[in-house]
Amino acid sequence: MPLTPNENDVILGRGKLISAHPGNVRFRTIVSGKKETYNQSTDIKAKRKIAISVIEEIESLNPPGRFLIDTSGEKVSRFDEGLWVSVEREKAIEKALHRLREKKTAKNNEQPKDARHEDSKSNEKPINCKSSSTSRTTTREVISATGTGQISQPKTFDQKLLERKRSKSPNNEGKTEIILPIRGDPFGEGKSAPTNSYPTCSCQDNSCNSESSNSFIKPTQTLEHNLSMQFNPPLNSTTENISLIDDNSFDVELDAFISRQLNNDFDVHKQEKLTLDQWIDRSRPKGDSDLMNYIRSALLIALKLTDCLIRSKSIAKDDSHSIDIIPLEAIKTANVIITMAKGDSANEGQTITGFALDQKCNTTTVDCQKYDLEPKHPGQKILSVDFSTPACAYPSLGSASSCLMALGGIMYELFSKGDRFELGSMTLNTRSVNELRLSFDEQSDDGSIPSGQRSKKSTPCPGDDRFAHLIMRLGNIGIPHPVINLVENLLNSSLGEFSGDDVYRSLDDVRVDLQLMIDDPSRYLDSSIIEVNQTLSISDEMYGREEEIARLRDAYNRFCDGVCNGALILGEGGVGKSTFAMNSKKFTIAANGYFVSGKFDRDATRPFMVIGDVFNSMCDLFAADIQSIEQERKMAEALTKSLGRDAFLIANIVPNLSNLMPLYTSCESSSFDAASRTRYLLLTLLDTLSKLSKSITILLDDLQWIDPASLTFCRALFQSTKSNKNVFLVLCSRESEVQTQDKSEVHDWLQSLSGSTLETIHLTNLNPEDVNNLVSDSLRTWPRLTRSLSAILHGKSLGNPFFLRQTMEMLCRGGYLHYSLGERKWKWDLDEISDLRLDDNVVSLLTREMTKLPDELLVGLKAASCIGYCIPQTVVDILSKHLEMDLFGVLTSLVQRSYLAGVGSALYRFTHDRIYQAAYELMSEKQRREDHMKFGLAICSYVLDNCENNYDMMFVGVNQINRGGPEVLADSCRRVMISQLNLNAGKRALLLTDFSSALSFFGHGIKFLNPDHWDVKYHLTLNLFTAAAESACALSDAALVQSFTDVVLAHSRNLDDRLPAVYFTVKSLKESRNLRLCIDCASEVLKQLGEDVSVVFNTPSKESIESLNNLLLRKMTDDSVIALGHCTQRRAEFVMRLYHELNYVYYVFDQTRLLAISLRMVSLTFEIGLTDTSSLAFANYGVELIARGYLIGSRLGTVALKLAENSKYISYVIAAVKQYNLWVIEPLHAIAESHLVGFYSGKRVGDEFSSSLNFCLHLSTSFHCGKNLIQIKNSLSEYIVQLLENSQQWFLPQSAMLYWLIVELIEGPNFDLTEHNPLILNENGVMLFAASARHLELDIFIDGCKLMRSFLFRRDMTSCDGVLDRVVNATCQLRPTMIIAVFFEGLISFVMARQTAENNEWAIKGEIALAYMKRWESSKWNFKNKINLLEAEKMHFLGNFDLASQFYLQAVESSEKHKFLHELAICLELQGLFFQVRNLREKALTSLNRSVRCYKDWGANAVAERVEQYI
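Residues numbered from 1 in each chain as written. Predicted model: local features only at pLDDT ≥ 70, side-chain atom pairs only at ≥ 80, totals over all residues. Heavy atoms only, no water.

Engineer: Could you clarify how one ought to interpret the sheet that holds strand 8 (residues 271–275) in this entry?
Structural biologist: Across a sheet, paired strands are connected by hydrogen bonds in the backbone, their directions being either parallel or antiparallel. Read from one edge of the open sheet, three strands run 8-9-12, paired in antiparallel fashion. Pairing within the sheet leaves two strands with one partner each, and these edge strands are strand 8 and strand 12 (381–387). Across the sheet, the axes of successive neighbouring strands diverge by a mean angle of 25°, strand direction being ignored. Bridge count for strand 8 against strand 9 (residues 336–341) is five bridges, and the pairing is antiparallel. (Pairing = 2+ DSSP bridges. Helix = DSSP H or I, 4+ residues; strand = E, 2+ residues; numbered from the N terminus. Axes fitted to C-alpha atoms, helices over the stretch in contact; angles between N-to-C directions.)

Engineer: How do you make sense of helix 22 (residues 629–643) when you look at a structure like this?
Structural biologist: In an α-helix there are 3.6 residues to a turn, and that puts residues three or four apart on one side. An ideal rise of 1.5 Å per residue puts 21 Å on 15 residues; helix 22 measures up with 21 Å between its terminal C-alpha atoms. Among the residues making up helix 22, those that are buried are Met 635, Ala 636, Leu 639, Ser 642 and Leu 643. Relative to the axis of helix 22, the buried residues are bounded by an arc of 140° and lie together on one face. The exposed set on the far side of helix 22, more than 90 degrees from its buried face, consists of Ile 629 and Lys 641. After helix 22 finishes, the residue Gly 644 shows a positive phi value of roughly 65°. (Expected span 1.5 Å × (residues − 1). Buried < 20%, exposed > 50% of the residue type's maximum accessible area, 1.4 Å probe, protein only. Arc of directions from axis to C-beta.)

Engineer: Sorry, what's going on with unusual backbone geometry here?
Structural biologist: What you tend to see is this: most non-glycine residues have negative phi, and most peptide bonds are trans. Of the consecutive residues Asn 62 and Pro 63, the connecting peptide bond is found in the cis state with omega at 0°. Tracing the chain through its elements places Pro 63 in the loop between helix 3 (44–59) and strand 2 (67–70). Of note, Asp 702 is a non-glycine position whose phi angle comes to about 55°, a positive value. One can find Asp 702 in the loop between strand 15 (696–701) and helix 24 (708–723). The exposure class of Asp 702 is buried, given its relative accessible area of 7%. Although it is not a glycine, Arg 780 sits at a positive phi angle of roughly 50°. As for its position among the elements, Arg 780 is in the loop between helix 26 (768–779) and helix 27 (783–797). By relative accessible area, Arg 780 is classed as partly exposed at 41%.

Engineer: Any chance you could explain the environment of Arg 914 here in plain terms?
Structural biologist: Position of Arg 914 among the secondary structure elements: in helix 34 (residues 913–920). Relative accessible area serves as the criterion here: at 17%, Arg 914 is assigned to the buried category. Sequence separation between Arg 914 and Ser 844 is 70 residues; the distance between their C-alpha atoms is 9.8 Å.

Engineer: When you look at the packing of aromatic side chains in this model, what are you seeing that I'm missing?
Structural biologist: Aromatic ring pairs: the centre-centre distance and the angle between the two ring planes describe each pair. Evaluation of the coordinates by the stated rule reveals 37 aromatic pairs. Measuring from centroid to centroid gives 6.3 Å for Tyr 869 and Tyr 916, while their planes differ by 85°, and the two rings are edge-to-face. Of this pair, Tyr 869 sits in the loop between helix 31 (855–867) and strand 20 (870–872) while Tyr 916 sits in helix 34, and the two are 47 residues apart along the sequence. Tyr 916 shares its class with Tyr 869; the two are buried. (Phe/Tyr/Trp six-rings, centres within 6.5 Å; stacked < 30°, edge-to-face > 60°.)

Engineer: Can you help me understand the pattern of salt bridges in this one?
Structural biologist: As enumerated under the stated definition, the model contains 55 salt bridges in all. For Arg 1131, the salt bridge identified is with Asp 1056, shortest N-O distance 2.9 Å. Here the residue Arg 1131 occupies a position in helix 47 (residues 1130–1149), and Asp 1056 occupies one in helix 42 (residues 1055–1071), the gap between them amounting to 75 residues. Overall, Arg 1131 belongs to the partly exposed group, its relative accessible area being 38%. A salt bridge links Glu 1407 to Lys 1434; the nearest nitrogen and oxygen atoms lie 3.1 Å apart. Taken together, the positions of Glu 1407 in helix 61 (residues 1401–1414) and Lys 1434 in helix 62 (residues 1420–1438) put the pair 27 residues apart, joining distant regions of the chain. Overall, Glu 1407 belongs to the partly exposed group, its relative accessible area being 33%. (Salt bridge = Lys/Arg side-chain N within 4 Å of Asp/Glu carboxyl O.)

Set out below in structure tokens:
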């Protein structure tokens, strides 16, 4: 996972940025301190230990240091830009050993600064300047070097440029000049800067020139260092570059730069100056193999020359008579001076940096090795290119076109390898270079050429023949056509209004085109290799998405830091969401993670298809990375531990899981909990895999087509990523599609994700500039030439990338865009394209273009669209035989036309869903239905004959038949066969937990039935309707269940056939909380099954209870109950299941009936044997017995747990037995942990209700055990959010009430709860819900929280509603929280009794509470301390201080022993107050101080502050 470097990390790599990192500086310091010991050692192992000690010292820092390396492959200018990973320890040791082995060098940069300066002065010698051989540059200009002598030397433009700055600075006399790279000099040309550090030239004869010697000492430095690290020039800068020189801030920066340069070892003798002719002679290629290297080096020189002229124009703009401009007569090959680096320094630089075209960046770095931009001469690197200008007070002027033509002449000689360019009789106008335009002034505001300047076609200029022989010469020697075109357009710029549209009109245009050839040679330079049948190749790059890509990269970096879970990418169709999202794959691979993706489509052929494919791919990736048997064993062990035998249940969805672990056959759950169980197992699989090694990125695309089952899973997946920090989730969806009514659920969910831990990124259409970049790249034509065409295309496509690409392809096929082999470039007619009427939407455009395809391709395209978005290879083989055509060849042709894409060797898919939609709309509704039916029958026949268990193919075939519909099939036998196929497909979908698909299959199966189906095909019809009712029940659609059940009741032949449908009706009514109707329906069925409902639903007599208890106590042991045989009577099992549903209903509706129902279920179990609901019977009956004081209930609870061990009801049994039964004999701390086990057990079996119930009970029980309040509050907050998201309202009131109580205990009773967390239900909302629910247990829990709050804050104690009467006299199921509520009411009663001595009502309530608490005295762990404290308070009230003191002490000791921290604090507080009343000051202070500490340890800071007031 990518890391963020800290100050102690050691960065591996080169460059000053890395060298200056604090961690690297510290590393070198540590190494220096150990070098002497290392050098003295002769033992290899000892030396290695020294290196290891260096590593350990780095790792012991705070924060610990690491050895990091950048894996992004890109040059970084800041440490937060790269993808940093920790290197292996062995590599870190090698790094330390390498540093320890390094010898001290004698380089200047290792000497102290003062020593260097002294050394420079002591060794100072005059530079001997001698005359050189005759140069083509004969003009001279006198400049001042030392203030005392005159040196005659040609002055370059850059020297003059810096001289202007020096002339404005005071105290610059007598200073030697040093040439340094500065801003506006992106290619390393020298600039003058003052310094006192270098000697002056002693030559006084004015004979030195630029080739023999140089009074300006020019230190060599790598271009990468000079440019990338020091002075990155602004983009597209002209005058801005010059203005920076006059900025005060630049002086400081320049002085600092000079200081840095002086610290390096520079040597003027490592430079060499050449004329352009000399460079051409030296670099001339010896053969065709060297030609391209020569051309690319020449391009760099051409770019530097163009920059010189642009900078000259910038100065001339301010002062047209300045001597610093380059006059027209100086723009000659003879005046071009090239400064080369030679020797070792030439190999230091690895990059060439220039102005960037990208507006977002400061520079563009070109890889020299990749593009081979330098000539293959050892030790030669171009440092600068400049003009040597003659001294002239009034420089000659020239027109803009003449200057461009003059530049073209130089470039002709450059690229022709020395062939002279003679102007002949041409006369150049004399106007200043400052009239050269740096932009296309003739363009209108929208970027298009005014109508008066638009030619009907981009044609050669009329004056081409004037330079035809020159252009032909370039072509004959093999110069690429783009370069020839550039030279030609420069030369033709002198033709004025006859020059055509392609010629250059500004130097900036020339510079942009040169930069494009350097930066992207494969597109703009090497495009000279032209095939005869040239076709349009539209670029697939991302345009205009730099900011969005940066946000996605930042999201991934934050994910690596643990603060982001993924990204949500939204946009309209065709904006490139899928392509953009694939950037996450690049980031993941760079971070050495796993990447898997899935794409939903509107006609999914297989239930849970996309989710299954994602997990299958994930398993394949992990399996491929297993390198040893030991790794395989550990993987299998981890998965077996987390999934167990239940892994078999997801094998239908993830068959590739068998590659990672063994799969064992297991009993499958019913469909009611299979979906939740499957979700849990899949998420557990993901969690386990993500923790084993690498992080995982999951991309789910086209969520607008997601099916309901997958949507439910994606909700759970997103929730899991909040806790699983190893999964980066990327979701893509089309915004307009999810805003429709049938997609409202998807839309609401995506809306809820905004502002979450997902980074939301909206993609929009491209702007005109981005469109022009796309068009320019696709046509391999300069952007300046495509701008007008792009403006038209942008208007027609609105900048939609997909629409734009399709429009360009349509124009190409229609001949509006065509490639000219003669001119070797793309041509177009702007007027024709502008007048062309296009369709308003891309689907219509595509449909119209598809009609022009050959008949065979059109048939294949229609057939493919009928199958769906994806077309399996097997289906292609089947349809080839059915259609009697080579469908494989046809689809291959469609792939070549970009309508389809091949995915491996087994699948085709449409390249875009708009293409799929357009192809489908080629057919009429009738033709579609007929083709669907024909294709479906062919596929199903193949499946039945050859691969009956190939469920994927079965789904494809059945879906095709269903899309055809029963109206197009009259054959009754085939209709019956199709109904049976739908039944089989639906059952398979149930196994995959896709209930929506299952219901669809069953519904279509019913539609295909013949009119007499109940008579002729009774069992098939009954199974379809019953299965449909089951699926509708799983989807909680009670009305639909009722409709299917009504049909079954009307046509079924016996009661047994009706029972399943009736059961689904009862269950659906219960889930929809239509409780009264549920009771009536269940009661009616029970009567038909022979149950005496009038007896069962009445309160059982005491005799019947005693009789059953005696049976259990005397005749049945626990083992004998567990050993009862299993029930074999179908109706009896059905009765037990109905009673179980009624038990839930009456728990909510009327708890007085629960004893009778549970008693009947236990009795029935002894009569018929064990069923899957027997564990529930014993659990519920035990709970009812405990509530009535029968301690045998705890034994029944233990039996229930044993029976439920391998049952899907395990979570429910744990909740019922632990919370309502075994608290009598087990500590509450153990009960809390058991509920956590019940929570995970419910997740495992898919019992969401019982799982959520267990977690709610875990939190409330932990609270009453005195667990830390902060931890409970945080868990409650997350739990409540999940309840709201999952619409589980039943557990919300008590969770919210407990949450607010904890917040008040921490913050105080006056804390503004509304502002704290507005999402959580406030107390008023809780009270309203409780009033509407009218549930005794909920009422007592809420009032118990109020009592506890009143006592702990000593406020509103008289106004609280008591729970004593309701708990003591109620026969409802009993929970520990109810008894604890009685405990706090007892404390309040005794406190109030002491304060109001004349009122004995409070004392009586206290006595009743104490008496009730003593009923549970046998549970010493849980209630002994509470009883002792109430006894102490009673004795305190009665004035029996000796007994009170003893009971206080016993209460303190018991609370401390049994780990009830909060109750220990209460006991100590009351004990301290008792001592205070008795004037035992020291004991009171001791108890109260301990109480404060305990309250704080508990987390109740507000209560601790209240107690401190007593102190």
